[in-house]
Amino acid sequence: MSGSDPRTAHLTQRDSEPAFAEPWHAQAFAMASLLVASGVISGAHWSETLGAKLREAQLAGSDDTETYYRAVLSALESLLDQARAISGNELIQRRDAWERAYLRTPHGRPVVLNGDL
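Read on for an overview of the structure. Just so you know, these numbers come straight off a predicted model, no measurement behind them. (Residues numbered from 1 in each chain as written. Predicted model: local features only at pLDDT ≥ 70, side-chain atom pairs only at ≥ 80, totals over all residues. Heavy atoms only, no water.)

## With respect to the nonpolar core
Here is step 1: Counting 13 residues, the largest nonpolar core has L35, I41, W46, L50, V72 and L76 as its most contacted members.
Here is step 2: Listed by contribution, the elements that provide at least two residues to this core are α1 (23–37), α2 (43–59) and α3 (65–82).
Here is step 3: Counting residues per element, this core draws most heavily on α3, at six residues.
Here is step 4: Residues in contact with L76, not counting those within four places in the same chain, are A28, M31, A32, L35 and W46. (Core = buried A, V, L, I, M, F, W, Y, C linked by side-chain atoms within 4.5 Å. Buried < 20%, exposed > 50% of the residue type's maximum accessible area, 1.4 Å probe, protein only. Helix = DSSP H or I, 4+ residues; strand = E, 2+ residues; numbered from the N terminus. Contact = heavy atoms within 4.5 Å.)

The following block contains the structure:
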């Protein structure tokens, strides 16, 4: 991603490095933004839940970039469950389906679910 491309400039830091280390980091934030914008969750509830997940991680002795994004993911899962947008069981089924699809996909190819859900 180049900071000189106006379509992706918002995804780079000031030093032109990518703002997200992994694609799923950006995807998690995109999902949170979409859920707040669509009213599924409130911005305040998102902020409170993410803050709580980050405090839990820090108390457990972990405080790095990967920990931060895992807290983002955990907060999303928690809020979606609370909003009854997806049940914990359905989330596990979807995660397992994606894992099966990922494991059977050759390196370099896109992951396809093929009706696993």
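## With respect to the pattern of salt bridges
Here is step 1: Under the counting rule described, the total for this entry stands at three salt bridges.
Here is step 2: The residue E77 makes a salt bridge to R95 at a minimum N-O spacing of 2.6 Å. Pair noted here: E77 is in helix α3 and R95 is in helix α4 (residues 88–104), with a separation of 18 residues, a long-range link.
Here is step 3: We classify E77 as partly exposed; its relative accessible area is 24%.
Here is step 4: Among the salt bridges present, the one from E90 reaches R94, with a minimum N-O distance of 2.8 Å. A residue pair is termed a helical-turn pair when its members lie 3 or 4 positions apart in one helix, as E90 and R94 do in helix α4 at four residues.
Here is step 5: Given a relative accessible area of 36%, R94 falls into the partly exposed group. (Salt bridge = Lys/Arg side-chain N within 4 Å of Asp/Glu carboxyl O.)

## Considerations on a nonpolar patch on the surface
Here is step 1: There is a patch of nonpolar side chains on the surface, built from W98, Y102, L103 and V111 and spanning about 450 Å² of accessible area.
Here is step 2: Relative to the helices and strands, V111 resides in the segment after α4.
Here is step 3: Judged by relative accessible area, V111 falls into the partly exposed class, the value being 30%. (Patch = residues over 30% accessible without salt bridge, like charges linked within 9 Å, V, L, I, M, F, W, Y side chains within 5 Å. Areas by Shrake-Rupley, 256 points an atom, 1.4 Å probe, with all protein chains shown as cover.)

## Some details on the environment of R100
Here is step 1: Its location among the elements puts R100 in helix α4.
Here is step 2: Counting along the chain gives twelve residues from R100 to V112, while the straight-line C-alpha distance between them is 9.9 Å.

## Section: α2
Here is step 1: Taking 1.5 Å of rise per residue, the 17 residues of α2 would be expected to cover 24 Å, and the 24 Å separating its terminal C-alpha atoms lies within 8% of that figure.
Here is step 2: Buried within α2 are the following residues: W46, T49, L50, G51, K53 and A57.
Here is step 3: The elements touched by buried residues of α2 are α1 and α3.
Here is step 4: Looking one or two residues past α2, G61 carries a phi angle of roughly 90°, positive in sign. (Expected span 1.5 Å × (residues − 1).)

## Focus: the environment of A75
Here is step 1: Summarising the element assignment, A75 is placed in helix α3.
Here is step 2: A75 sits 29 residues away from W46 along the chain, and the two C-alpha atoms are 7.4 Å apart.
Here is step 3: In this structure A75 touches W46, T49, L50 and K53, once residues within four positions along its chain are discounted.

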